[in-house]
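Descriptive structure summary
One-letter residues, chain by chain:
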Amino acid sequence: MVKYQQGDVLFKQIDPQEFRKERDKNLEVSSQGRYNSYHTMEITSQYYNDKEPEGELDGGKCTVALGEATGHHHSFMQGSPGVVVTAYKQGWLNSETPARCHYVAVEKGDATVTHQEHKPITLPSGYYRVEIVREFDHLGQMERAVVD
Amino acid sequence: MAFANANFGNFDQRNLRNIMDTFTSEAPKRTDSVLYKQYINGSRYVDFLGNAYKINLFTDYSTQTWGKNRKRMITQRPDGIIDVKKQTIVLHDWQLFEEASQALGPEFYDYFKISNRWSLEMNAGTPDMMRADGFKELKCKNSDVNTWFPGIKIDLVNYNVLNKPPKKYKNTADNWKKLHRLRANGRARARKGNDRALARLDMYKRTGDASVIEMTDAFKLFNVSDRREVIEMFGMDTILASRDTKVLDKDTVDERPYELVSVEIEDVGSIKGVRWCNYLRMVNPSTDEIHFEGVPNTVATVKQALGWRDGEIEPKWNGANNPRTMEGEYIKPKILT
């Protein structure tokens, strides 16, 4: 498995065929309005660099994680010509984690993810599972996603 | 044989009194028997077999003719027995509680709620480790019995539990509840510690008075950005020098130095008042800021800590009496910034 890391956000590369199959199936479930919290998939944000944004999701950046205290964010805002970056949410997102999505699809080129406190990284075209690193709270005896 | 003169049929009584009335009218003698199948959903069911004196209950899982239990037959020990004359029920299968709203009627379910309580562990990887086995918690409206046990006998007139749980079941439940309380208290203390440290940090930001910040806030704050401010204020080495520490492992990954440090931290919840806790000390490669994040005490090396942090290594369960070991492998990121 190939993994990229920017601060507390991990991008783990996944099998493209499996992801596309799962995505198409679950996006169809969502479009039919069927309630199935585990499997429904939604687009949370999108970035492309070759046309002007047209709607709310169709923005100029694709945010994958957002810092609660600092307002800093891990976002795709640059990429090779024609690149399309789409962030997907599957099921629900824990309100305590800074993650904004579960998967990111980088299609038709490479895209760069930026953050205010970390150097940018360029992800090659592919499909990635987005994870937030975890830490262990010894006082509370529990593990949780790192929040910033 | 039980089936010899049994009448087969499906019924939808949903109430224990109606069920008993049906058997009383349809099989009044001890030698009579009728069999009814009560569906609890599209596929699962409970068989009621008996007469005006005794009704035996069999869940579909007990009477299945496939899988490892395929040799079990309906003539074996029932999962529940209703004594119609004494108006009592004895249950041998906890599933009948789960299915109660369907199989034994909503009135029964109103008095009994069963829930799974998974095993708990505290201070894993330390000599102070505490463990409690899981159990099936039973909440009874009319009784102080707090655990399911096979052979539980219930009065069907006022839904009292007529017998007491065996010591083994009671001790398991008591032990679990004690540990659950300790854990809940620990979490409440952690939340309060975070709130107070946040208030101090807020005060410092508003007034510029650094004396309000305590060094221990570096261990109490949940948010890493807030924590980093405290670390920058005192310096990580000063914070660590203020308490007992042990460096468990040092490693360098792609020229980035990491340290696994064990720190002694005050904990009013523990018997000794202090507890050793593992932390991973690392440097942000983009800004050179120091990060200090907790990792489980079962972690022994930097690589294990990094793997656990990234969700690639998990503590492996080795049985109740053996310490956990770490299972998995750390995958080095292709790029880390």
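Located above this text is the structure these notes cover.
Residues numbered from 1 in each chain as written. Chains lettered and ligands numbered in written order. Predicted model: local features only at pLDDT ≥ 70, side-chain atom pairs only at ≥ 80, totals over all residues.

Residues and elements named next belong to chain A. With antiparallel pairing, four strands are arranged side by side in an open sheet as β4-β5-β8-β9. A strand with exactly one partner marks an edge of an open sheet, and here the two such strands are β4 (62-66) and β9 (121-123). Sheet twist, expressed as the average angle between the axes of neighbouring strands with direction ignored, equals 30°. Where β4 meets strand β5 (residues 73-79), four bridges bridge the pair, whose relative direction is antiparallel. When the bridges of β5 are listed, Cys 62 appears paired with Phe 76. (Pairing = 2+ DSSP bridges. Helix = DSSP H or I, 4+ residues; strand = E, 2+ residues; numbered from the N terminus. Axes fitted to C-alpha atoms, helices over the stretch in contact; angles between N-to-C directions.)

Before going further, it helps to spend a moment on unusual backbone geometry. Keep in mind that most residues, glycine aside, have a negative phi and that most peptide bonds are trans. Residue Lys108(A) is not a glycine yet carries a positive backbone phi of 65°. Positionally, Lys108(A) belongs in the loop between β7 (103-107) and β8 (111-114). Of note, the phi angle at Asp254(B) is positive, near 50°, even though the residue is not glycine.

With that settled, the discussion passes to the environment of Thr63(A). All names here are of chain A. Along the chain, Thr 63 turns up in strand β4. You can call Thr 63 partly exposed: it has 18 C-beta atoms within 10 Å. Considered as a pair, Thr 63 and Ser 45 are 18 residues apart in the sequence and their alpha carbons are 6.8 Å apart. With sequence-adjacent residues up to four places away left out, Thr 63 is seen in contact with Ser 45, His 73, Ser 75 and Arg 100. (Buried ≥ 20, exposed ≤ 12 C-beta atoms within 10 Å, placed from the backbone. Contact = placed C-beta atoms within 7 Å.)

Listed per partner, the contact involves 29 residues of chain A and 32 residues of chain B. Elements with a contribution of two residues or more to the side of chain A that touches chain B: β1 (3-6) and β11 (134-137) of chain A. Examined bridge by bridge, β1(A) and strand β18 (residues 335-336) of chain B share two bridges and lie parallel to one another. Bridge pairing links Gln5(A) to Leu336(B) in β18(B).

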